[in-house]
Amino acid sequence: MTPKLKISSFVIKRLAKIKNQCSGCLFGVMYDGRILIMGFNIENSVGSPNYKQIQNNFPAELDLCGLIKFGECTDAQAHLNEIIQDVDVTDNPVLLHCEIGTSNVRASLFIHGHLEDIQFDIMEEETLWNEFIYARVQCNLEVVCPEDEKSVKTSMQNLRKYVASGKTGFKIVNSPIYLIGRASGTCITGTKSNAKISDLLEAANSGSTDDIQSKKKVARTDFEVLRVALFMKLSGDQEFDKISNNAAKCVFKPDVVKIRIPLQIDSLAVLHKNTKALGLYDILIESVCRSIRLIEKSVANQKFLSNINDLGVPKTFNFKPNELGHFFSCVYLTNSVDEDEYLVKRRKKLHQQFALPLTRPQFKRTNRYLFDGEQPTMKHLVNPHIGLKSQVTGGTQYLVTGKYTYYHYMQDGFDDNGWGCAYRSLQTLSSWYQWQGYVERDVPSHKEIQKYLFDIGDKQSSFVGSKQWIGSTEVSMVLDGLFHIVCRILRVESGADLSQHGPTLARHFETQGTPIMIGGGVLAHTILGIDFNSATNELKFLILDPHYTGADDLSIVQAKKWCGWKGIDFWDKKSYYNLCMPQLPMNTCC
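This section reports on the structure supplied with the text. (Residues numbered from 1 in each chain as written. Predicted model: local features only at pLDDT ≥ 70, side-chain atom pairs only at ≥ 80, totals over all residues. Heavy atoms only, no water.)

### Structural notes on the packing of aromatic side chains
- According to the stated counting rule, one finds 27 aromatic pairs in the structure shown.
- Judged by centre distance (5.6 Å) and plane angle (80°), the rings of Phe319 and Phe363 are edge-to-face. Residue Phe319 is located in strand E16 (residues 314-319), and its partner Phe363 is located in the loop between helix H9 (341-353) and strand E18 (396-399); the two are separated by 44 residues in the primary sequence. Across the pair, exposure class does not vary: Phe319 and Phe363 are buried alike.
- Among the aromatic residues, those joined into a cluster by ring pairs are Phe27, Phe58, Phe317, Phe319, Phe328, Tyr332, Phe354 and Phe363.
- Taking NZ or CZ as reference, Arg136 lies 3.9 Å from the ring centre of Phe371, over its face.
- Sitting over the ring of Tyr576, Arg491 keeps its end group 4.1 Å from the ring centre. (Phe/Tyr/Trp six-rings, centres within 6.5 Å; stacked < 30°, edge-to-face > 60°. Helix = DSSP H or I, 4+ residues; strand = E, 2+ residues; numbered from the N terminus. Buried < 20%, exposed > 50% of the residue type's maximum accessible area, 1.4 Å probe, protein only. Lys NZ or Arg CZ within 6 Å of the ring centre and 35° of its normal.)

### Here's the deal with the side chain of Ser575
- Residue position: Ser575 is located in the loop between strand E23 (563-566) and strand E24 (577-582).
- A distance of 3.1 Å separates polar atoms of two side chains, one belonging to Ser575 and the other to Asp572.
- Other than its neighbours up to four places away in sequence, Ser575 contacts Glu493, Ser494, Gly495 and Gly521. (Polar contact = N/O pair within 3.5 Å; in protein donor to acceptor, adjacent residues only side chain to side chain. Contact = heavy atoms within 4.5 Å.)

### A closer look at the pairing of strand E4 (residues 63-70)
- Among the 8 residues in E4, 8 count as buried, and that is most of the element.
- Pairing geometry for E4 and strand E5 (residues 94-98), over 5 bridges, is parallel. Looking across to E5, one finds that Phe70 is bridged to Cys98. (Pairing = 2+ DSSP bridges.)

### Quick look at the pairing of strand E13 (residues 224-232)
- Where strand E9 (residues 132-146) meets E13, 6 bridges bridge the pair, whose relative direction is parallel. Looking at the pairing, Arg136 lines up with Arg227 of E13.
- Judged from the 5 bridges that link them, strand E10 (residues 168-172) and E13 form a sheet pairing that is antiparallel. Across the sheet, the residue bridging to Gly169 is Phe231, located in E13.

### Side note on helix H11 (residues 446-455)
- Of the positions making up H11, those classed as buried are His446, Ile449, Gln450, Tyr452 and Leu453. Relative to the axis of H11, the buried residues are bounded by an arc of 160° and lie together on one face.
- On its buried face, H11 is in contact with helix H10 (421-435) and helix H12 (472-483).
- Positive backbone phi, at 85°, marks Gly457, one or two positions downstream of H11. (Arc of directions from axis to C-beta.)

### Considerations on the sheet that holds strand E6 (residues 105-111)
- Judged by pairing direction, the sheet is mixed, and its 8 strands sit side by side in the order E7-E6-E5-E4-E2-E3-E1-E8 without closing on themselves. Strands with a single pairing partner mark the edges of an open sheet, and in this sheet they are strand E7 (114-117) and strand E8 (120-123). Taking each pair of neighbouring strands and ignoring which way they run, the sheet shows an average axis angle of 35°. (Axes fitted to C-alpha atoms, helices over the stretch in contact; angles between N-to-C directions.)

### A word on a nonpolar patch on the surface
- Among the surface-exposed residues, Trp469, Val522 and Leu523 lie close enough to one another that they form a single nonpolar patch of about 310 Å² accessible area.
- Its location among the elements puts Val522 in the loop between strand E20 (516-520) and strand E21 (523-532). (Patch = residues over 30% accessible without salt bridge, like charges linked within 9 Å, V, L, I, M, F, W, Y side chains within 5 Å. Areas by Shrake-Rupley, 256 points an atom, 1.4 Å probe, with all protein chains shown as cover. Salt bridge = Lys/Arg side-chain N within 4 Å of Asp/Glu carboxyl O.)

### Looking at the packing of H10 against H11
- Their axes nearest at 10 Å, the elements H10 and H11 cross at an angle of 95°. Here H11 runs roughly perpendicular to H10, going by the angle between their axes. Facing Tyr423, Arg424, Leu426 and Gln427 of H10, the residues of H11 in contact are His446, Ile449 and Gln450.
- Residues that form the contact of H10 with H11 fall into these classes: 3 nonpolar, 3 polar and 1 charged. (Parallel < 35°, antiparallel > 145°, perpendicular 65-115°, else oblique. Nonpolar A, V, L, I, M, F, W, Y, C, P; charged D, E, K, R; others polar.)

Structure (structure tokens):
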């Protein structure tokens, strides 16, 4: 039966950003007789196809399913024949033919050696998040073997074989449900035999002991995540009692030197909620094996034979760039840093493969996706605008890109009520650069901000420790001095005149994606985005208000509109305003 085709809205949005003739591969999920295209990459113009280099970086079930062509398309059928042996999820690979610089796309299926046009539906973000989840397996394994490269590779392969041998089991965290591999087939306990993934998710959620209040305080992941634990029968080498965080070299006999490599597995699989739970076992096995393959490749790239004592421990980092809409995993070593020339080249290559701008880091360690319970700033709200709806008829939203922390009056036991709004907005702007991986410096305190302005001669010594206000100009000076961030200052003569700057603000959020500090009269606010109808000039602002003095409770912040959409009448018609618009660094940041 010919499958039906759906395309993620994330893919559709990315199509218009491709400005030159090129081609790439499609990655998708099969479910209920449908193919959902979730992502694509751009192939090199020469050499072998690079989809093979990144397949293990994708979550299990997100697999090669076809080709994408931008511009002239004369060799698509030949290229489909090249990759068809690697397309496992469907007998009918997909071809998307796109106009350069637009979202216009024509879809075809490769059926019996010929291309046939097919209609497709676009799956919007909310539908994607409602229908699909991610299963996440975390566990610690280890490899103990002689110190030569061949032995490491063989041991990794043997570990994968053991994981897939049926001697591995899985437990759904916060539930009594187990998936157990047996010679006669997979066994599931703790739920009905015909259960679906949605049933497992419901069981895990009902058994969770997580603090409900803390869940309200943190912007949630768009996809629900099913946590899974792995257990396996141990056998073989028992020379080490436990797994440490470091690789080790140990001499067991005068002529036998072995190394131990801890493997921190953190694997993902993307699943439709209607997937049968019995099928989950094999999917999880594949996800773990993909993680081991990534680790094997990472270890093989080390020159461990020349200096075995510097062998780094591989660690998996899961990323979900906003533009992609799906996860992508990388393995980095503990003895490497993000500024290593090798890692910079590797990340740059990923940016090129996914047509991501080089001006915004996406695959640094600091860009890793933070699952529930992993956020380092749990005491403050992160992205409190998530879920808020605007109501501009025919409008287009232009929003802040990435994460930021909400800073407001009275936080951390510091009383700045009545004078610290611009300081708090500056802290929010600073946090954006920290979250995105541009800077490693901590968000500055009020005193650090004041001291810097005194040090550069902008303020008198009495300013340090005072309750004096600062404005947009001072905010830009501090960002430049402490973070090397250049800011553009936009002066608006009155609040009413802000209605004329919809195109300017839209362009800022499209090209820079940073939050904006706006100061006018005696008040300062943070602008997180706009909803703009270019035909009618109707304009609304997504405002983060630093004047809030209450607890970091998302429900209160949204319900009382301390973070919310405001019309043009929100601004004082009698006051002028200065907008501090932070820019992205000019150098490449991948």
